Amino acid sequence: MLRLQGIAVSSGIAIGEAMVLGRETFDVPDHLIEGTAVEEEIRRFREALESAVGELSRQRDAVIRELGQRSGSIFNAHLEILQDAKLREDIESLIRERHHAPERAVSRVLRRYADVFRRLPNPNFAERVNDVYDIERLLLRSLLGQPHREVFELQSPVVVLAANLTPSETARLDRRFVQGFVTETGGPGGHTAIVAQGLGIPAVVGTGPFLGEVSGGDTIIVDGDRGLVIVSPDNVTLEEYRAQSRAIAALQVELRDLRGLPAETRDGTRIHLLGNIEFPQEAETCLEQGAEGIGLYRTEFLYLGRSTLPQEEEHYQAYCQVIRSMGDRPVTVRTFDLGADKVPHEWLPRQLGWETESNPCLGLRSIRLALRHLPLFRSQLRAILRASALGRVEIMFPLIATLAELRQAKFVVADVMEELAEAGIPFRREIPIGMMVEVPSTVVMLDRFLPEVDFISIGTNDLLQYTMAVDRTNRAVVSLYNAAEPALIRLLSQALATAQEHGVPVGLCGQMSSSPIYTMLLIGLGLRQFSVTAGAILEIKKVCRSVTVAQCRMVAKRAMEMENARDIRAYLREELVSILPEFSRLP
Ligand code: PEP
Ligand code: MG
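Computed from a prediction, not measured in an experiment: that's the story for all the values here.

Rules used throughout
Residues numbered from 1 in each chain as written. Chains lettered and ligands numbered in written order. Predicted model: local features only at pLDDT ≥ 70, side-chain atom pairs only at ≥ 80, totals over all residues. Heavy atoms only, no water. Helix = DSSP H or I, 4+ residues; strand = E, 2+ residues; numbered from the N terminus. Rg over C-alpha atoms; globule rule 2.2 N^0.38 Å. Buried < 20%, exposed > 50% of the residue type's maximum accessible area, 1.4 Å probe, protein only. Contact = heavy atoms within 4.5 Å. Areas by Shrake-Rupley, 256 points an atom, 1.4 Å probe, with all protein chains shown as cover. Donors = N, O, S within 2.8 Å, 3.2 Å for Na, K, Ca; no water. Near = heavy atom within 4 Å. Polar contact = N/O pair within 3.5 Å; in protein donor to acceptor, adjacent residues only side chain to side chain. 1 Å grid on protein atoms, 1.4 Å probe; cavity = no way out; pocket = protein on both sides within 12 Å on 5 of 7 lines; lining within 4 Å. Sits in = over half its atoms within 2 Å of the grid points. Nonpolar A, V, L, I, M, F, W, Y, C, P; charged D, E, K, R; others polar. Phe/Tyr/Trp six-rings, centres within 6.5 Å; stacked < 30°, edge-to-face > 60°. Salt bridge = Lys/Arg side-chain N within 4 Å of Asp/Glu carboxyl O. Expected span 1.5 Å × (residues − 1). Domains from an automatic or database assignment. Buried area = accessible area lost by both parts, 1.4 Å probe. Axes fitted to C-alpha atoms, helices over the stretch in contact; angles between N-to-C directions. Parallel < 35°, antiparallel > 145°, perpendicular 65-115°, else oblique. Left-handed = near helix turned anticlockwise from the far one by under 90°. Points joined across faces, edges and corners; volume = space filled by probe spheres on them. Pairing = 2+ DSSP bridges. Core = buried A, V, L, I, M, F, W, Y, C linked by side-chain atoms within 4.5 Å.

### Concerning the overall build of the protein chain
(1) Moving on: Of the regular secondary structure elements, the protein chain holds 24 helices and 16 strands.
(2) Moving on: Radius of gyration (C-alpha) of the protein chain: 26 Å, near the 25 Å computed for a compact globule of 587 residues.
(3) Moving on: Of all 587 residues assigned to the protein chain, the portion counted as buried reaches 55%.
(4) Moving on: Taking the contacts inside the protein chain whose residues are at least 6 apart along the sequence as the reference set, 69% of them involve residues at least 24 apart.
(5) Moving on: Carbon and sulfur atoms make up 49% of the accessible area of the protein chain, which amounts to about 25100 Å² in all.

Structure, rendered in C-alpha cells:
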C-alpha cells in the first residue's frame, strides 16, 4: 500500500482501477531484436518517420488554409526536430548497434533530448521539451500503428492518473467513466481543479512524481477532501473508505430535499446562491441543484482545446443555451479571461503575436488581452449583447486593475451597442455591467470603482494569488495559498463594507464560496450572494439554513482577531462541525 499526500481540489471519494495517462499508454517493447531483423526494423523506423512528417505537413497545410501562413509556422519547430539528421542517426544507431526495437530507440533518444532541453537555462529552449514529447508520441503512434489510447474514449470506470492535465483535457474527461483523477503537478487554485469541481469528479493534484510506481489496473483511492491518494490499499483501508463513501452518498441524498427551499438563515436573512459554470451544459446541473442564476460563466473555456477561434455565432449559441436553461434567472457572462493557466494551446498566442512571458500571471492576460485585441473582444461583446435580448444577461469584466481599464472596457461595450443599434439588431441597452474584484488594487480603490458599475463579484482565487504573491497553480507554495489568510479576510471585509456603503450589489465567486468551512465567516462579514460550483450549492444552503446571522457575526469577529491562516481555518472548521457534525470529513 502506497500513501501519497497531494492537494485536495475536488471533494468526494473515488475508489477504482488506475488508468495511467501519458507515456505508459504506449506499449513500448523492451526486448532486443534479432541481428537479422536490423535492416527490416530500420526500414520500419524510416517509414514511420516519413509518415509522421507527412502527417505533420498535412496538419500544417490545413492550418495555413484556415488561418493563414503565419499560423502554419507553429508546426515548423516540430518538423525541424523530426527531420534533424542527428536525431535520425542516433535512433538508427541504437537499432543497428544495440538491437533496440525502433519504439524503444525512439523513446530513449527523444527522452534524452528532452532532458537536455529541460536543463537549459533559457526558457525558450525549456519550452521545447513539450515539442520533443509530442514528437515521441507522434513517432510511437506511427510505429505502433494504433491510435494513442485517449482518456476521452473510455469504456469502463477508471481513476485517471497523469503527470499533468490541462483544464481543457479535464473538461473532456468522460464523467460516466472517470471516477476521480490525480496529477503529479498542479496547485490548489488552477483551473484543472476548478473544472474537476464543476464536473463533480473527486481530484487530488500536486502529489509529486509517483507514476513510475503504479501500473494500470491497480486499485486507487482518491480522497478529494484530504488530498490523499492510496495505491493498492489493504482491506481495512478499503473498507474504511467504502464506509465514508457511503456516508457521503447518504448526505447527498439528504441534501436533495433542500433543492426547492430558500437559502435562508435561521433568523430569516435571505442568502442568494448562484452557480459557477465553465460550459453551457453545466447550467442545467446548476438549476437541478436549485441555483438562482449563474453568477459566473467562465467564457474563456470556449477557446480552449481547439485550434480555431470561436466566432461570434458560436459565442451567441453558447449564451443562448445557458439562457434557455436558466429561464428568467440572471446569467452573468464574464468576458474571456484568457492567459495564465488558461491558454488555448500554442496557436492562439502565436496568431495574436504574444511574446513568451516569464510571468504570465502578471502579464498580458484577461481584460488586458481583450483591450489589446479589440476585434476578439468586440465579437464576444456583440454575442453577449445579442443574447441580452433573450434573457437576464449581465456583463462582467475580469481582472480589472485600474479605473482606466474599466472605462475603456465600458467604452467598447457602448461602441458595440451603437454598431448593433445601427444594424437594427436587438439587445438590452440597460444590461447590467459589473467587474470582478480580484486584484488588490481594486479593493483599495473600491470607492472609486463602485459609482461606475452595476455590481461587483469578488474573485478570491486571484485576489489570494495577488495578495500573497503566490502562484495558485504551484504545489511548491501551496501552504501560502490559503483562503483563511488574515490578509485576505481583511480585504474581503473591507470590500464588502465599501460595497454596502455604496449600495452596490456584491457577490463572491472564488472557490472560497464553495467550501462550507467559510460560509459562516462570509455571512458574518456581510456577504449575501454566493456563486459556487454546482456540486456545492446544497452543502452551502445547508449551512445557511443552520445558522443565524448573529452567530456568523461572532464567528467573523473572532476569526478577524486571529493572526494566522492555520488557526483561523481550524477555528472555522470547529464552529462548522459543532453545528453540522456531518461536515467533519473536511480537514
Ligand atoms: C477568481 O479569481 O476568484 C475567479 C473566480 O476567477 P478565475 O478562477 O477564473 O480566475
Ligand atoms: Mg480570476
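### Topic: the coordination of the magnesium ion (ligand 2)
For a metal with four donors in a tetrahedral arrangement, the ideal angle between donors is 109.5 degrees, while six donors in an octahedron ideally sit at 90 or 180 degrees.
(1) Moving on: Only Glu438 (OE) and Asp462 (OD) from the protein coordinate the magnesium ion (ligand 2), and they sit 2.0 to 2.1 Å from it. One end of the pair, Glu438, is in the loop between strand 13 (433-437) and helix 17 (440-444); the other, Asp462, is in helix 19 (residues 460-468), and 24 residues separate them in sequence. The burial state of Glu438 is the same as that of Asp462; both residues are buried.

### Remarks on the site of ligand 1
(1) Moving on: Neighbouring ligand 1 are 16 residues; Arg298, Arg334, Glu438, Asn461 and Arg472 lie closest to it.
(2) Moving on: A distance of 2.8 Å separates an oxygen atom of ligand 1 from a polar side-chain atom of Glu438.
(3) Moving on: A distance of 3.1 Å is found between an oxygen atom of ligand 1 and a backbone nitrogen or oxygen belonging to Thr460.
(4) Moving on: Out of a free accessible area of 280 Å², ligand 1 has 100% covered by protein chains.
(5) Moving on: At a threshold of 2 Å from the grid points, most atoms of ligand 1 map onto the largest cavity.
(6) Moving on: At the level of elements, helix 9 (191-199), strand 10 (294-298) and helix 19 are the ones that each hand at least two residues to the shell around ligand 1.
(7) Moving on: For the shell around ligand 1, the leading source of residues is helix 19, giving three residues.
(8) Moving on: Of the residues assigned to the shell around ligand 1, the class counts are four nonpolar, five polar and seven charged.

### Overview of the packing of aromatic side chains
(1) Moving on: Under the counting rule described, the total for this entry stands at five aromatic pairs.
(2) Moving on: Each ring, one from Tyr297 and one from Tyr319, has its centre 5.8 Å from the other, and the planes form 85°; the classification is edge-to-face. Here the residue Tyr297 occupies a position in strand 10, and Tyr319 occupies one in helix 12 (residues 312-326), the gap between them amounting to 22 residues. Across the pair, Tyr319 and Tyr297 agree in class, each one buried.
(3) Moving on: Ring plane angle 85° and centroid distance 6.4 Å describe the contact between Phe336 and Phe377, whose orientation is recorded as edge-to-face. Remark: Phe377 occurs in helix 15 (residues 374-387) and Phe336 occurs in the loop between strand 11 (331-334) and helix 13 (347-351); sequence separation between them is 41 residues.

### Here we look at the pattern of salt bridges
(1) Moving on: Counted under the stated rule, the structure contains 35 salt bridges.
(2) Moving on: Among the salt bridges present, the one from Arg88 reaches Glu92, with a minimum N-O distance of 3.6 Å. Note that Arg88 and Glu92 are positioned in helix 4 (residues 85-98) at a spacing of four residues, about one turn of the helix.
(3) Moving on: According to the relative accessible area criterion, Arg88 is partly exposed, its value standing at 36%.
(4) Moving on: Each of Glu300, Arg334, Asp337, Lys342, Arg365, Asp462 and Arg472 takes part in one network of salt bridges that share partners.

### What about helix 5 (residues 102-119)?
(1) Moving on: Across its 18 residues, helix 5 extends 26 Å between first and last C-alpha, which sits within 8% of the 26 Å expected from 1.5 Å per residue.
(2) Moving on: Taken together, the buried positions of helix 5 are Pro102, Glu103, Ala105, Val106, Ser107, Val109, Leu110, Tyr113, Ala114 and Phe117.

### A closer look at the domain arrangement of the protein chain
(1) Moving on: For the protein chain, the domain assignment lists domain 1 (2-23 + 150-249), domain 2 (35-144) and domain 3 (259-580).
(2) Moving on: If you average the C-alpha positions of domain 1 and of domain 3, the two centres end up 27 Å apart.
(3) Moving on: Contacts between domain 1 and domain 3 engage 21 residues on the former and 19 residues on the latter.
(4) Moving on: Across the domain 1/domain 3 interface, buried area totals approximately 1600 Å², and carbon plus sulfur atoms make up 62% of it.
(5) Moving on: For domain 1, the biggest contributors to the area lost against domain 3 are His191, Ile194 and Gln197; these three give 33% of the whole.
(6) Moving on: At the surface where domain 1 touches domain 3, the tally comes to zero salt bridges.

### A word on the packing of helix 4 against helix 5
(1) Moving on: Running from N to C, helix 4 and helix 5 point in directions that differ by 135°, and their axes come no closer than 9 Å. For the element pair helix 4 / helix 5, the angle class is oblique. Crossing hand, helix 4 versus helix 5: right-handed. Between helix 4, through Lys86, Leu87, Asp90, Ile91, Leu94 and Ile95, and helix 5, the contact on the second element is made entirely by Pro102, Ala105, Val106, Arg108, Val109, Leu110, Arg112 and Tyr113.
(2) Moving on: Tallied by class, the residues present in the contact of helix 4 with helix 5 amount to 10 nonpolar, no polar and four charged.

### Description of the environment of Arg490
(1) Moving on: Inspection of the secondary structure puts Arg490 in helix 20 (residues 486-502).
(2) Moving on: Put simply, Arg490 and Arg65 are 425 residues apart on the chain and 53 Å apart in space, counted from C-alpha to C-alpha.

### Quick word on empty space enclosed by the protein
(1) Moving on: Inspection of the entire model under this criterion finds two cavities of 30 Å³ or more.
(2) Moving on: Roughly 80 Å³ of volume is contained in the largest cavity.
(3) Moving on: Taken together, 15 residues make up the lining of the largest cavity; nearest its centre are Arg298, Arg334, Glu438, Asn461 and Asp462.
(4) Moving on: Elements represented by at least two residues in the lining of the largest cavity include exactly strand 10 and helix 19.
(5) Moving on: Residues belonging to the lining of the largest cavity are distributed by class as follows: three nonpolar, four polar and eight charged.
(6) Moving on: If you go around the second largest cavity, the residues you meet are His191, Ala340, Asp341, Cys361, Arg365, Asp462, Gln465, Arg472 and Thr473.
(7) Moving on: Classifying every residue of the lining of the second largest cavity by side-chain character gives two nonpolar, three polar and four charged.

### Points about the sheet that holds strand 3 (residues 13-20)
(1) Moving on: Taken together, eight strands build an open sheet; the order of strands is 1-8-7-3-4-5-6-2 and the sheet is mixed. The open sheet has two free edges, formed respectively by strand 1 (2-5) and strand 2 (7-10), since each of these has just one partner strand. Put simply, the sheet's adjacent strands are angled 30° from each other on average, direction ignored.
(2) Moving on: Across the sheet, helix 9 lies against strand 2, strand 5 (178-183) and strand 6 (203-205), angled at about 45° from strand 2, the strand it touches most.
(3) Moving on: Sitting on the sheet, helix 10 (residues 235-256) is in contact with strand 1, strand 3, strand 7 (219-223) and strand 8 (228-231), with an inclination near 120° to strand 3.

### Considerations on the nonpolar core
(1) Moving on: In this structure, Phe377 and Phe397 are the most contacted members of the largest nonpolar core, which totals 114 residues.
(2) Moving on: A per-element tally of this core places helix 16 (residues 403-422) first, with eight residues.
(3) Moving on: In contact with Phe377, other than residues within four places in its own chain, are Thr335, Phe336, Ile367, Ala370, Leu371, Phe397, Ala409 and Val412.
(4) Moving on: Residues Ile42, Phe45, Val63 and Ile91 belong to the second largest nonpolar core, which totals 34 residues.

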